[in-house]
Amino acid sequence: EPEVTQTPSHQVTQMGQEVILRCVPISNHLYFYWYRQILGQKVEFLVSFYNNEISEKSEIFDDQFSVERPDGSNFTLKIRSTKLEDSAMYFCASSGWGGYTFGSGTRLTVV
Amino acid sequence: AQTVTQSQPEMSVQEAETVTLSCTYDTSESDYYLFWYKQPPSRQMILVIRQEAYKQQNATENRFSVNFQKAAKSFSLKISDSQLGDAAMYFCAYRSGESSGDKLTFGTGTRLAVRP
């Protein structure tokens, strides 16, 4: 069964550093997403991406965040200057007609 | 904006018994999808079951079934013959059916404990 692949599974970074989270969506899916889950809380939508541009973003997705599809397979989330409160699980997902699939997540720890 | 409410922060069930997790939602749309996701301690999001709003028949997947009440905007999950491996966080989620590219809106989750 096709999978959404996320790397790394766990990343520790210093406050103020830039971090890039990577995702490989399912190949025939056209929509890509990032979600965030702070420990003990619900999963929150960050951004959706279609046809090489952002289609929707939440209030959480401020100027510190950016997304990119640098080639035909990868989809990245960049946090420019990490804060302690950015510590969370970040999920990538992709969707097409009939399917919506999550990756296994990247646990980001900001110290 | 759509909202999803899970009013049970925690539930507990005896192994082999049946438990029902509640979910209500608010929307003005007629075409949408509803989901239940399981999140074990690994924090992976695992799809348990999905329901299309246009389908009157309740979805079932082995021991998991839903009670979908469209008029009441209720979408409960029933787990039959509960197993120790069912212990996890369960999230109810809503997605608009207007395109294949809409975000999921999640509830706050219900933590299910299974007693041996």
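Here, every reference points to the structure presented above.
These figures come from a predicted structure and were not determined experimentally.

Rules and cut-offs
Residues numbered from 1 in each chain as written. Chains lettered and ligands numbered in written order. Predicted model: local features only at pLDDT ≥ 70, side-chain atom pairs only at ≥ 80, totals over all residues. Heavy atoms only, no water. Helix = DSSP H or I, 4+ residues; strand = E, 2+ residues; numbered from the N terminus. Buried < 20%, exposed > 50% of the residue type's maximum accessible area, 1.4 Å probe, protein only. Contact = heavy atoms within 4.5 Å. Lys, Arg positive; Asp, Glu negative; His and termini not counted. Charge placed at Lys NZ, Arg CZ, Asp CG, Glu CD. Rg over C-alpha atoms; globule rule 2.2 N^0.38 Å. Areas by Shrake-Rupley, 256 points an atom, 1.4 Å probe, with all protein chains shown as cover. Salt bridge = Lys/Arg side-chain N within 4 Å of Asp/Glu carboxyl O. Polar contact = N/O pair within 3.5 Å; in protein donor to acceptor, adjacent residues only side chain to side chain. Core = buried A, V, L, I, M, F, W, Y, C linked by side-chain atoms within 4.5 Å. Pairing = 2+ DSSP bridges. Axes fitted to C-alpha atoms, helices over the stretch in contact; angles between N-to-C directions. Disulfide = S-S within 2.5 Å.

(A) Representation of the overall build of chain A. Across its full length, chain A holds 0 helices and 11 strands. When the helices and strands of chain A are read in sequence order from the N terminus, they spell out β-β-β-β-β-β-β-β-β-β-β. Overall size of chain A, expressed as C-alpha extent along the three principal axes, is 40 × 25 × 25 Å. Relative to its 111 residues, chain A shows a buried fraction of 44%. Look at the contacts in chain A between residues 6 or more apart in sequence, and 52% of them connect residues 24 or more apart. The centroid of the 9 positive side-chain charges in chain A is displaced by 3 Å from the centroid of its 13 negative side-chain charges.

(B) Structural context of the overall build of chain B. Secondary structure summary: chain B contains 0 helices and 12 strands in total. In sequence order, the secondary structure elements of chain B are arranged as β-β-β-β-β-β-β-β-β-β-β-β. Its C-alpha atoms give chain B a radius of gyration of 14 Å, within 12% of the compact-globule value 13 Å for 116 residues. A buried classification covers 52% of the 116 residues belonging to chain B. Of all intrachain contacts in chain B linking residues separated by at least 6 positions in sequence, the fraction that spans at least 24 positions is 55%. Counting only carbon and sulfur atoms, one obtains 45% of the accessible surface of chain B, whose full area is about 5500 Å². Once the 12 positive and 12 negative side-chain charges of chain B are each reduced to a mean point, those two points are 2 Å apart.

(C) Representation of the pattern of salt bridges. Residue and element names in this part refer to chain B. Per the stated rule, a full pass over the model turns up 6 salt bridges over all chains. With a shortest N-O distance of 2.8 Å, Asp-86 and Arg-63 are connected by a salt bridge. In this pair, Asp-86 sits in the loop between β9 (74-79) and β10 (88-96) while Arg-63 sits in the loop between β7 (60-61) and β8 (64-69), placing the two residues 23 residues apart along the sequence. In this structure Asp-86 comes out as buried when scored by relative accessible area, which is 3%.

(D) Fine view of the side chain of Gln-51 of chain B. Residue and element names in this part refer to chain B. Along the polypeptide, Gln-51 turns up in strand β6 (residues 46-52). Here the side chain of Gln-51 touches Lys-55 through a polar contact of 3.2 Å, landing on its backbone oxygen. Setting aside chain neighbours within four positions, we find Gln-51 in contact with Tyr-32, Tyr-33, Leu-34, Gln-57, Asn-58, Ala-59, Val-66, Phe-68 and Phe-75.

(E) Highlighting the nonpolar core. One finds Tyr-25, Trp-36, Phe-75, Leu-77 and Tyr-90 of chain B to be the most contacted residues of the largest nonpolar core, which totals 25 residues. Formed by 21 residues, the second largest nonpolar core is a distinct cluster that contains Val-4, Leu-77, Ala-88 and Val-110 of chain A.

(F) Here's a closer look at the sheet that holds strand β8 (residues 75-79) of chain A. Residues and elements named next belong to chain A. Overall, antiparallel pairing links the 4 strands, which are arranged β1-β3-β8-β7 in an open sheet. Of all strands in the sheet, those bounded by a partner on one side alone are β1 (5-7) and β7 (65-68). Ignoring which end each strand starts from, the neighbouring axes of this sheet average 20° apart. For β7 and β8, the ladder comprises 4 bridges, and the chain directions are antiparallel. Within β8, the residue paired with Glu-68 across the bridge is Thr-76.

(G) Examining the state of the cysteines more closely. All names here are of chain B. Considering all chains together, one arrives at 2 disulfides over all chains under this definition. The side chain of Cys-23 participates in a disulfide bridge whose partner is Cys-92; the two sulfur atoms lie 2.0 Å from each other. Classification of the bridge connecting Cys-23 and Cys-92 rests on its S-S torsion, roughly -70°, and on that basis the disulfide is left-handed. Separated by 69 residues along the polypeptide, Cys-23 in the loop between β3 (19-21) and β4 (24-26) and Cys-92 in strand β10 bring together distant segments of the chain. With a relative accessible area of 0%, Cys-92 lands in the buried category.

(H) Structural context of the environment of Ile-26 of chain A. Residue and element names in this part refer to chain A. Mapped onto the elements of the fold, Ile-26 is located in the loop between β3 (19-24) and β4 (31-37). Relative accessible area serves as the criterion here: at 8%, Ile-26 is assigned to the buried category. Separated by 47 residues in the primary sequence, Ile-26 and Ser-73 have C-alpha atoms spaced 8.5 Å apart.

Bear in mind that shape data such as this cannot, by itself, settle questions of function.
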